[in-house]
Amino acid sequence: MPELPEVEIARRNLQRWLAGARIAAVERVDQARFEGDPQSLLGHVCFGWERRGKVLLGRFSGGVGVLSHLGMTGKWVRDDGGRRAHVRVRLTTDGGPRVALVDVRRFGRTWVGNVDALQRLAQWTRLGPDALMGALDGPLLASRVGPRKTPLKRRLLDQSVVAGLGNIAVVEVCWRASVHPHAPCTDIAPAAWVRLAAAIRAHLDFVLEVEDGDEITYLGERAASNPFVVYGRARQPCPRCAEALVGESLSGRPSVWCPSCQPS
DNA sequence: TACATTGTTCCGTC
DNA sequence: CGACGGAACAATGT
């Protein structure tokens, strides 16, 4: 699923493919899940792409912008002209490659319009500090989460607390930091917050490195491999202590943890 | 066919 | 009233 690293890779790709290029044609293949008219990009030059959490923002000449949330299965790909299912919109540039938004489940959403207006949307403004932000250390993370009894997992999944972590990231981060995903936030010691902040950085850097490229195969797609340390590996031995990993739904989402390294 | 899957939001409870 | 947490919602492949 597209979480922060996958969205960051999409940002780099869009930057490389589109920055400096003029949009020569917009082909909207599907009506659903768009707000604003993609045709308003026509004739405009792409200045660049930024990212906050899992949200992409493209800036174009004339004050036009694109806000893109990939949802569960969305991805931006280079369109080589071959047949491809689930294309929602296709952008043709003068000089650069053609680029397409592909989204099987259609949980992704795309807004096109005045870039200042897009930046005032809740989807952009409600986001907490980006999880890749250098200053995200233990104390800052603890203060963002706040003194709640709520399970850690639920708070880390809240994009207004820290932006960019999804279910997979939270499972991986909790394992790396040796903290139970359902630990009440008020029970987490300062040293554990430091480990959690470091684990967020380590996990994101790891996934960025492993998945960097023109197109990511999401877990669950055909021919997908699992690059994660514990996610999707219930009942397998813990890589740290060899105890069998436990898989169970926590906060309504599939979780994996080690009952020995991450005691509740 | 029913279900799994996600981020987000709603709503009931304490 | 704020904190909390279960559940609904979107859409579609298996």
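All values derive from a computational prediction rather than experimental measurement. (Residues numbered from 1 in each chain as written. Chains lettered and ligands numbered in written order. Predicted model: local features only at pLDDT ≥ 70, side-chain atom pairs only at ≥ 80, totals over all residues. Heavy atoms only, no water.)

Draft legend 1. A look at the overall build of chain A. Broken down by element type, chain A carries 7 helices and 11 strands. The C-alpha radius of gyration of chain A comes to 20 Å, within 12% of the 18 Å expected for a compact globule of 264 residues. Along the first, second and third principal axes, the C-alpha atoms of chain A reach 60 × 40 × 30 Å. Evaluated residue by residue, chain A yields a buried proportion of 48% over its 264 residues. Looking at chain A alone, contacts between residues at least 24 apart form 63% of all its contacts between residues at least 6 apart. Per element, the accessible surface of chain A, about 11900 Å² overall, is 50% carbon and sulfur. (Helix = DSSP H or I, 4+ residues; strand = E, 2+ residues; numbered from the N terminus. Rg over C-alpha atoms; globule rule 2.2 N^0.38 Å. Buried < 20%, exposed > 50% of the residue type's maximum accessible area, 1.4 Å probe, protein only. Contact = heavy atoms within 4.5 Å. Areas by Shrake-Rupley, 256 points an atom, 1.4 Å probe, with all protein chains shown as cover.)

Draft legend 2. Seen up close, the packing of helix α1 (residues 4-18) against helix α7 (residues 190-211). α7 packs onto α1 with a crossing angle of 50° between their chain directions and a minimal axis gap of 9 Å. Judged on the interaxial angle alone, α7 and α1 are oblique. Remark: the crossing between α1 and α7 carries right-handed chirality. On α7, the residues touching Leu4, Pro5, Glu6, Glu8, Ile9 and Arg12 of α1 are Leu204, Val207, Leu208 and Glu211. For the contact of α1 with α7, the class distribution of residues is 6 nonpolar, no polar and 4 charged. (Axes fitted to C-alpha atoms, helices over the stretch in contact; angles between N-to-C directions. Parallel < 35°, antiparallel > 145°, perpendicular 65-115°, else oblique. Left-handed = near helix turned anticlockwise from the far one by under 90°. Nonpolar A, V, L, I, M, F, W, Y, C, P; charged D, E, K, R; others polar.)

Draft legend 3. Fine view of the sheet that holds strand β7 (residues 87-93). The sheet built from 4 strands is open, its strands ordered β1-β7-β8-β6 with antiparallel pairing. The open sheet has two edge strands, β1 (23-28) and β6 (74-79), and neither has a second partner. Here the strands of the sheet are splayed against their neighbours by 20° on average, with no regard to which way each runs. Note that β6 and strand β8 (residues 98-103) share 6 bridges and pair antiparallel. Within β8, the residue paired with Trp76 across the bridge is Leu101. (Pairing = 2+ DSSP bridges.)

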